[in-house]
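# Coordinate inspection notes
Residues per chain are reported as follows:
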Amino acid sequence: MDMTSPTKPPRGVKNSKETSGLLMAVIRTLSTSESNEQRDLERAKLEREYKKCDQRLNELVSIHKLDLEQVMQLFIQMSTMITNTRDKLRSIKEMLIACKTLLSCRRDELKKLWFEGVEHKHVLQLLNEIEELKEVPSKLAHFLANKDYLNGTKILVLALNAGDGDLEGVEALNELKTELQVKKEKLYEMLLSEISNIIYLEPVKTLDCSSNNQVVTRDKFRWRQKILDSSSITNSFEKSSSISYDIELRMLVECLGLLNKLNESVESIKSKMQDEVLNVVNLVSKAVAANTGNSHPLIKLLEMLVDQLRKIAIRFKSLLNAYGEVSKKCQVTLSPVNGTDIWNTIQNVLQLLLTDYLDIQNTANDPTPTPGYPDQTADIATFFARRRIQRPRKFPLFKFEYSSNVNFLSKEQQAAVTLSENKQRGKVLICPPEPFNITIVYKTLQKFIEEIESSLSLPSGKFCTLNIFVNDYVKDAFIGREHTRISMKIETATKSTHAWRAPITPNEVSQVGLLKPILQSTYQVSNALKELETLLDSLPKHKIEVLEILVNLIKNFVETCSAAYRGIIQPEPEDKRLCSAAWLKDEDISRFLKSLPNWIDLQAQKSFYHSGRPLKREDTTEEESPEDVRQRNIKEAEILASNLGEGGIGPHEIISDPTQLKCLAQLQESMEWFAFRVLQINVNIKKRMHESQNEPNNLGKYLNLLSNLSEEFEDLASTCLLVLHLEIRVQCFHYLLPRGFVSGKTKDNSHDPDPRVLDLSRVLVSVDEALSPSLQPRKCKYIFEGLGHLIAKILMSSAQYLDKIDESAIHKMCRNIFTLQQTLSNITMTREVALDHARRYFQLFFMTQEDILNQVLEKGPEFSELEYMNALQLINRTYNDQEDPSIAQKYLQRLSDILGEVGVTV
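Conventions used here
Per chain, residues are indexed from 1 in the order of the written sequence. At least 70 in pLDDT is required for a residue's local features to be given in this predicted model, at least 80 for side-chain atom pairs to be given and counted, and no such filter applies to totals for whole chains, interfaces and linings, which use all residues. Each side-chain value is worked out from all heavy atoms of the structure, with water and hydrogens disregarded. Helix and strand definitions here come from DSSP, where helices need a minimum of 4 consecutive H or I residues and strands a minimum of 2 consecutive E residues; each element is numbered from the N-terminal end. For this analysis, residues touch if any pair of their heavy atoms sits within 4.5 Å. All accessibility values rest on the Shrake-Rupley procedure with a 1.4 Å probe; residue burial counts only the protein chains present in the view. Summary of the metric used: pLDDT quantifies the predictor's per-residue confidence within the range 0 to 100. Exposure above 30% relative accessible area and the lack of any salt bridge qualify a residue for a patch; like charges then connect within 9 Å, and the nonpolar side chains Val, Leu, Ile, Met, Phe, Trp and Tyr within 5 Å. Salt bridge criterion: a side-chain nitrogen from Lys or Arg within 4 Å of a carboxyl oxygen from Asp or Glu. When a residue's accessible area, from a 1.4 Å probe over protein chains only, is under 20% of the maximum for its type it is buried; when over 50% it is exposed; and in between it is partly exposed. Axis definition: a line fitted to C-alpha atoms, over the contacting stretch in the case of helices. Angles run 0 to 180 degrees between N-to-C directions. With respect to orientation, any angle under 35 degrees is reported as roughly parallel, any angle over 145 as roughly antiparallel, any angle of 65 to 115 as roughly perpendicular, and every other angle as oblique. In a left-handed crossing the near helix is turned counterclockwise from the far helix by less than a right angle, and in a right-handed crossing that turn is clockwise. As a working rule, the residues Ala, Val, Leu, Ile, Met, Phe, Trp, Tyr, Cys and Pro are called nonpolar, Asp, Glu, Lys and Arg charged, and the rest polar, with Gly in that last group. Note on aromatic contacts: the rings of Phe and Tyr and the six-membered ring of Trp form a pair at centre separations within 6.5 Å, being stacked when their planes are under 30 degrees apart, edge-to-face when over 60 apart, and tilted otherwise. Note on geometry: a ring has a charge over it if NZ (lysine) or CZ (arginine) is within 6 Å of the ring centre and within 35 degrees of the ring normal. Each residue after the first adds 1.5 Å to the expected span of a helix. As used in this record, nonpolar core signifies buried Ala, Val, Leu, Ile, Met, Phe, Trp, Tyr and Cys residues forming a set joined through side-chain atoms within 4.5 Å. We score Asp and Glu as negative and Lys and Arg as positive, and we do not count His or the chain ends. For this purpose, a charge sits on NZ of Lys, CZ of Arg, CG of Asp or CD of Glu.

### Considering the overall build of the protein chain
Counting secondary structure elements, the protein chain contains 32 helices and zero strands. Long-range pairs, those at least 24 residues apart, make up 78% of the contacts in the protein chain between residues at least 6 apart in sequence. When the accessible surface of the protein chain is summed, it comes to about 50,900 Å², and 53% of that surface belongs to carbon and sulfur atoms.

### Description of the confidence of the model for the protein chain
Of the residues in the protein chain, 77% have a pLDDT of 70 or more, and the chain-wide mean is 79. Of all secondary-structure elements in the protein chain, the lowest mean pLDDT belongs to helix α7 (residues 211-230), at 43, while helix α11 (residues 340-357) reaches the highest, 93. Low confidence marks residues 209-242, where pLDDT is under 50. Its contacts with residues over four positions away, or in another chain, come to 52 contacts. A low-confidence stretch, residues 367-378 stays under pLDDT 50, and its non-local contacts, those more than four residues away or across chains, total 22 contacts.

### Quick notes on a nonpolar patch on the surface
There is a patch of nonpolar side chains on the surface, built from Leu57, Val61 and Leu68 and spanning about 250 Å² of accessible area. Mapped onto the fold, Leu68 is located in helix α3 (residues 65-103). Classification of Leu68 by relative accessible area gives partly exposed; the value is 44%.

### So, the packing of helix α24 (residues 699-736) against helix α26 (residues 777-784)
Contact pair α24 / α26: the axes reach a minimum separation of 8 Å and the direction vectors enclose 40°. The pairing of α24 with α26 is recorded here as oblique in orientation. Where α24 crosses over α26, the handedness of that crossing is right-handed. Residue-level contacts link Leu721, Leu722, Leu724, His725, Ile728 and Arg729 of α24 to Lys779, Tyr782, Ile783 and Phe784 of α26. Of the residues that constitute the contact of α24 with α26, the class distribution is seven nonpolar, one polar and two charged.

### Some remarks on unusual backbone geometry
For Asn260, which is not glycine, the phi dihedral falls at a positive 60°. Examined against the element boundaries, Asn260 turns out to sit in the loop between α8 (245-258) and α9 (262-290). Note on Asn260: relative accessible area 64%, which makes it exposed. With a phi close to 55°, Asp359 is a non-glycine residue in the positive phi region. On the secondary structure map, Asp359 appears in the loop between α11 and α12 (360-365). Looking at Asp359, the relative accessible area reads 9%, which means it is buried.

### Some details on the packing of aromatic side chains
Where two aromatic rings form a pair, the distance of their centres and the angle of their planes describe that pair. Taken as a whole, this structure holds 14 aromatic pairs when the rule is applied. Plain terms: the ring middles of Trp599 and Tyr782 are 5.5 Å apart, the flat faces sit at 55° to each other, and that makes the pair tilted. Residue Trp599 is found in helix α21 (residues 597-611), and its partner Tyr782 is found in helix α26; the two are separated by 183 residues along the sequence. Taking the relative accessible area as the measure of exposure, Trp599 reaches 5% and is therefore buried. The exposure class assigned to Tyr782 is buried, which follows from its relative accessible area of 3%. Above the face of the Tyr245 ring, Arg315 is positioned so that its terminal group lies 4.2 Å from the ring centre.

### Some points on the pattern of salt bridges
According to the stated counting rule, one finds 32 salt bridges in the structure shown. Measuring nitrogen to oxygen at the nearest pair gives 3.0 Å for the salt bridge that ties Arg90 to Asp87. Linking Arg90 with Asp87, this pair stays in helix α3, spanning three residues, or about one helical turn. On the basis of relative accessibility, which here comes to 47%, the residue Arg90 falls in the partly exposed class.

### Brief notes about α11
Here α11 contains 18 residues, and its C-alpha end-to-end distance of 26 Å stays within 8% of the 26 Å for a straight helix at 1.5 Å per residue. Counted residue by residue, α11 has 13 buried out of 18 residues, so it is predominantly covered. Looking one or two residues past α11, Asp359 carries a phi angle of roughly 55°, positive in sign.

### Side note on the nonpolar core
Within the largest apolar cluster, 213 residues are counted, with the highest numbers of intra-cluster contacts made by Phe713 and Phe845. Once residues lying within four places of it in the same chain are set aside, the contact partners of Phe845 are Ala799, Ile805, Ile810, Ala871, Leu874, Ile875 and Tyr879.

### A closer look at the environment of Leu550
As for its placement among the helices and strands, Leu550 is situated in helix α18 (residues 543-569). Given the relative accessible area of 0%, Leu550 is considered buried. C-alpha of Leu550 to C-alpha of Lys530: the two residues are 20 residues apart in sequence and 9.7 Å apart in space. Not counting chain neighbours up to four residues away, the residues in contact with Leu550 comprise Leu529, Leu532 and Ile681.

### Section: a negative patch on the surface
Residues Glu559, Glu711, Glu712 and Asp715 make up a contiguous surface patch of negative charge. With respect to the helices and strands, the residue Glu559 is situated in helix α18. Under the relative-accessibility criterion, Glu559 is labelled exposed at 53%.

Structural data, given as structure tokens:
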């Protein structure tokens, strides 16, 4: 038997279609039946169906007997309960009607009691609120002690609102409300302080500045998680182990919004921005001062400071985003503030920092330095004058207020005073302030300036204030000051008493890598220009201004060196020039000397000397044979001799002081080296152009100018060397050429050479002593090479000026030749074969005219036809008293015939 509980069919659900259809079929059958039989059949059919239904019903009842019994029992119970409930409701209704009747009798008394109950309930509520207000200070202190600012702000705001609501008139709470207002202001200041710590101090927490900052940082980490856990906005942020400062700032700003202090806090933050950034500067300065490394402290300071300022700007942007979100939530219109405010503040602070380190205030008050030399010393020629110079009116030689020592001391004193003042003002300077600091920080500053301008989204052609400040200072103040300072150094170097005589020390020679010393003035000028060269690298955006100054200073130095050269070759006030300089002005002589192989080889050696590569055989011209050298020297001697005037060379046309020759040699070495230095500057600039893509377009103009200036120095160096080359030859003409410096016949049986020959010998030795320490050996060789051929040429040509000659004169001339040969051999370290040739020429005078002609006929000519003619004529004048021209003509004719047959060796 199925024991499942009976289920009630749904209400209103009837199988109306089956029952109604069956009934209608029966009715239709009965109404249409024509006979009783048919009706009986229908009745029998209905009875069968009823029996089936009864049988089915009995079966169902027997199957569900227990269920039916249970249903009937439940029905009986429910029916009983309903009947009882109806009775109770009837009784309650009767009782309520009776109560209503009774209450209506005392309505006023009940109403009074109800009002008293409501009043007592409100008073109780106020008392509870007062008790809660009394606990607010302690709760607030607890929250603030745990850095739970959000919950603390909430209870404080609720307490203040309660005090301004129903409890507004409670006088006993006035003191408490005043206390809460004070705590509100303190909480406001604490919130601002926390915002300041997050934005300004937290980025420098890694710097080892002070223990206090580290404690503050540790405190921050302890309260952050508490804020997140208790905040109502934590659902919009993910909790993670690394707490973002965005969340912290958002919560702190929400606290300010609850305090209704958004606009006030914005103004406060804006007003304190500069002081906060200055404090960051001091903290970073202390960290750098405490940890000095290998790099310059100012570079380290700026790099660290830029990194911190970059973080501050990022955090400030997050703060602005937090203000925007909270202001929308609180429906508050904020005071105008944007990201440019922090960048403007950063720029202002950096300008103040640069003002301190560049010493702008002190340098702006300094007078423009002026050279400490009177104008009367501008004529460099007076340094080389041989006569006594009339002294001009007395001027102070030095102005001590601008002398180097006084400037040095004053700078030290100013630096000490500045550091002391800054210390008193709480500033920390890690190095003494001076204008040259701009070269140390310029590149780092420019990179940060590019970041600032990118953050400010400035249009093309517009620059930020820091960019304008820095570059205006460099252009208008620093470069001009450097120009003046370096100009003074150059002027001091070139206008001192020994500027064109004092060489550099051996130590300096070794440092520069020179073979011979150069002038101290040139070395000092080069060092001064090096300072400008460093500006090309350290101030890349001002290369044009620096190059303009560099080129102008080099131009002025060219003029100064040219004036020094003129002071040597033309020391007299009158227009009297040295013969060697005058000869060099002759284009034919100058072109001829520069076309000779020895000059070309000398230039080639100079080029490879500067390149640092050893000279190889293939780098020189084709090596000359001894005969080629002899012919070249003879040709040079003939050309120089052909330029002599009728009166010879006077004492005023030579440099008789070897010191002047030494000055000229030092000037030559200096100019050659300085030409190479200018060329180096040019090469370095080209190298920078190839390495950088941001070079100015008009640098080519200055490259051409520097190349031209290098050539000018090179030309001046070549001129000095050629003058030395010619000067020593001019001196040979001066001492040996005067007609009759030896007499044809002499009564002096002394074995000493002629006095003028001894003078020339001493001059050659003194010149060698003066030039050897000052000129490179290859140049000394160029100066003295071929001198023997010239002397031989002069001595041999002197025969035509002698009236007569005797044996003593011949011996004396041979001694003269020997003396000069020995002097030259000691200088050149080679035997001067040209003077052997000259001595053999004078030995011809021991022979007769017939013997000379026979020797030429037998052995061939050793001398030129002119030299033989002069010898025959001198012998004829010596031994033929009648001086018959026909006799001399006869020998000359025979000489011509003989030489025509055998040829002439020149």
